Amino acid sequence: MFDRRTFLGSTAIGMGSLTSLDQLSEWFSAFAKIRRPLVIATWNNKKAVETAWDVLKSGGRALDAVEAGARIPESDPEDTSVGYGGFPDRDGFVTLDACIMDELGNAGSVVFLEKIMHPISVARRVMEKTPHVILAGAGAHQFAIEQGFKEENLLTEKAQKALDAWRIKSEYKPKINVERHDTIGILGLDQNGDLSGACTTSGLAFKMRGRVGDSPIIGAGLYVDNEVGAATATGLGEAVIKKVGSFSIVEMMRQGMHPEKACKAAAKRLLTIKSKDEFQVGYIAVNKKGELGAWALRPGFEAAVITQDGFQLIKANSIF
Ligand code: SD4
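Since this is a predicted model, take the numbers as computed values, not measurements.

*Asks:* How would you sum up the environment of Met252? Please name residues and give values.
*Replies:* Within the fold, Met252 resides in helix H9 (residues 245–254). The class of Met252 is buried, set by a relative accessible area of 9%. As for Met252 and Ala266, which are separated by 14 residues in sequence, their C-alpha atoms are 8.8 Å apart. Setting aside anything within four residues of it in sequence, one finds Met252 in contact with Met257, Ala262, Ala265, Ala266 and Arg269.

And the structure:
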């Protein structure tokens, strides 16, 4: 591990040596010219940030980049927290939540959407083609079909087996950080300096039917303000919603806080929740300068970052 001094002394050997977001942000501050484009996503969503990067490196729009990135875990049957292959609710239905925001402050969201593999793209259509922000359930599904999306079975054999195993005891206690958590919140800063964000999930495994988490809630799971920065969340959605996590981070950045400090302050606010010892929440953020932040309630949270210097998996600091 590096301390600040050894880190600064090591920058000559490049970003491959960085071990934390603090250090990455310091690197960005020290070499101000290399701040954009960039992509940051929750967890080790490497392929997603690489896909988003492909859009940005050729001068593409951050909105297109984050949508393209979010679609990667949505169609991956091995990813049990997002889209196809996502673990179902306790009644055996895969129900999806997603939202997206662009640099103009537009927002679109779908909640409790079934049988459509790419909720993030439906959310984008809600944003661009309707006068609304959120469509839910059967209405969201109807809109998706009208827009040309295909109806598909999203429940994989692996997910059905996991449900069958869970039903033996039927104890509902989300094992945050224990099962694989790849819910993706992804933020992009493009060459123009414009920000966008996307967030997509199948929500918590074995949730009650009808439950909606933070991921599709503008201000909770995601918030983008192109004048300031963007933030997104992962973990126990109920906790993130109660604290309006992503909006708080952007507002703290608006007051001049560095993204890392703002994420930490938002993570600290979770401590007033009674069940704080039983859940995980992770936040990531980026500001207009391309400075980054990531902080979690407890250890184990990671962020995937990509810049022109390549991919970095960052271990986030935590309150506990
Ligand atoms: C939810 N925040 O639905 C999501 C779950 C999550 O990794 O992030 N899982 O509460």
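*Asks:* Account for the sheet that holds strand E11 (residues 302–307), with residues named and values stated.
*Replies:* Taken in spatial order, the 8 strands make up an open sheet running E4-E3-E2-E6-E5-E1-E11-E12, and their pairing is mixed. The two strands at the open ends of the sheet, each matched to only one other strand, are strand E4 (134–136) and strand E12 (310–315). Between one strand and the next, the sheet's axes are offset by a mean angle of 10°, whatever the strand orientation. The pairing of strand E5 (residues 184–189) with strand E6 (residues 195–201) spans 6 bridges and is antiparallel. Of the residues in E6, the one forming a bridge with Ile184 is Thr200. Across the sheet, helix H4 (residues 62–74) is in contact with strand E2 (95–101), E5 and E6; its angle to E5 comes to roughly 155°. Contacts from helix H6 (residues 137–146) reach strand E3 (107–114) and E4 within the one sheet, and its direction differs from that of E4 by about 105°.

*Asks:* I'd like a rundown of the packing of H4 against helix H5 (residues 119–129), residues and numbers included.
*Replies:* Relative to each other, H4 and H5 sit at 145°, their axes nearing to 8 Å. Contact residues: H4 offers Leu63, Asp64, Glu67, Ala70, Arg71 and Glu74, while H5 offers Pro119, Ile120, Ser121, Arg124, Met127 and Glu128.

*Asks:* A description of the pairing of strand E8 (residues 229–235) should follow, citing residues and the corresponding values.
*Replies:* Each regular strand shows side chains that alternate between the opposite faces of the sheet. Within E8, 7 of the 7 residues are buried, which leaves it mostly tucked inside the rest of the structure. Residue alternation in E8 divides its side chains into two sets, Gly229, Ala231, Ala233 and Gly235 and Ala230, Thr232 and Thr234, and both sets are buried. Looking at chain direction, strand E7 (residues 222–225) and E8 are connected through 4 bridges and run antiparallel. Across the sheet, Leu222 pairs through a bridge with Thr232, a residue of E8. Linking E7 back to E8 in an antiparallel pair, the connection comprises 3 residues.

*Asks:* How would you summarise empty space enclosed by the protein if you had to cite specific residues and measurements?
*Replies:* In the structure shown here, the tally under the stated rule is 1 cavity of 30 Å³ or more. Computed from the structure, the largest cavity encloses a volume of approximately 100 Å³. Looking at the largest cavity, it is lined by 13 residues, and the ones nearest its centre are Thr183, Thr201, Gly203, Leu204 and Gly235. Of the residues contributing to the lining of the largest cavity, the split by class is 1 nonpolar, 9 polar and 3 charged.

*Asks:* Just give me the short version of the environment of Pro77, but keep the residues and values in it.
*Replies:* Within the fold, Pro77 resides in the loop between H4 and E2. Given the relative accessible area of 31%, Pro77 is considered partly exposed. Expressed as a C-alpha distance, the spacing of Pro77 and Leu155, which sit 78 residues apart in the sequence, is 9.0 Å. Setting aside anything within four residues of it in sequence, one finds Pro77 in contact with Tyr84, Gly85 and Thr156.

*Asks:* Outline the nonpolar core, supporting the account with residue identities and numerical values.
*Replies:* In terms of nonpolar packing, the biggest core is built from 49 residues, with Ile249, Leu270, Phe279 and Tyr283 touching the most fellow members. In terms of nonpolar packing, the next biggest core, distinct from the first, is built from 31 residues, Ala70, Ala98, Ile100 and Met127 among them.

*Asks:* Go over the pairing of E12, please, and point to the residues and values.
*Replies:* As paired strands, E11 and E12 are joined by 6 bridges and run antiparallel to one another. Across the sheet, the residue bridging to Ala304 is Leu313, located in E12. Remark: 2 residues form the turn of the hairpin made by E11 and E12, two consecutive strands paired antiparallel.

*Asks:* Let's hear about the pattern of salt bridges: which residues, and what values?
*Replies:* Applying the stated rule across the entire model yields 16 salt bridges. Two residues, Arg254 and Glu251, come together in a salt bridge whose shortest N-O distance is 2.7 Å. Of this pair, Arg254 and Glu251 both sit in helix H9, separated by 3 residues, roughly a single helical turn. One salt bridge in this structure joins Lys315 and Glu302, with 3.3 Å as the shortest N-O distance. Taken as a pair, Lys315 in strand E12 and Glu302 in strand E11 lie far apart in primary sequence, 13 residues in all. Assessed through its relative accessible area of 52%, Lys315 is described here as exposed. Taking relative accessible area as the criterion, Glu302 reaches 18% and is therefore assigned buried. A single salt-bridge network, built from bridges that share partners, covers Asp64, Glu67, Arg124 and Glu128.

About the criteria used
- Residues numbered from 1 in each chain as written.
- Predicted model: local features only at pLDDT ≥ 70, side-chain atom pairs only at ≥ 80, totals over all residues.
- Heavy atoms only, no water.
- Helix = DSSP H or I, 4+ residues; strand = E, 2+ residues; numbered from the N terminus.
- Buried < 20%, exposed > 50% of the residue type's maximum accessible area, 1.4 Å probe, protein only.
- Contact = heavy atoms within 4.5 Å.
- Pairing = 2+ DSSP bridges.
- Axes fitted to C-alpha atoms, helices over the stretch in contact; angles between N-to-C directions.
- 1 Å grid on protein atoms, 1.4 Å probe; cavity = no way out; pocket = protein on both sides within 12 Å on 5 of 7 lines; lining within 4 Å.
- Points joined across faces, edges and corners; volume = space filled by probe spheres on them.
- Nonpolar A, V, L, I, M, F, W, Y, C, P; charged D, E, K, R; others polar.
- Core = buried A, V, L, I, M, F, W, Y, C linked by side-chain atoms within 4.5 Å.
- Salt bridge = Lys/Arg side-chain N within 4 Å of Asp/Glu carboxyl O.

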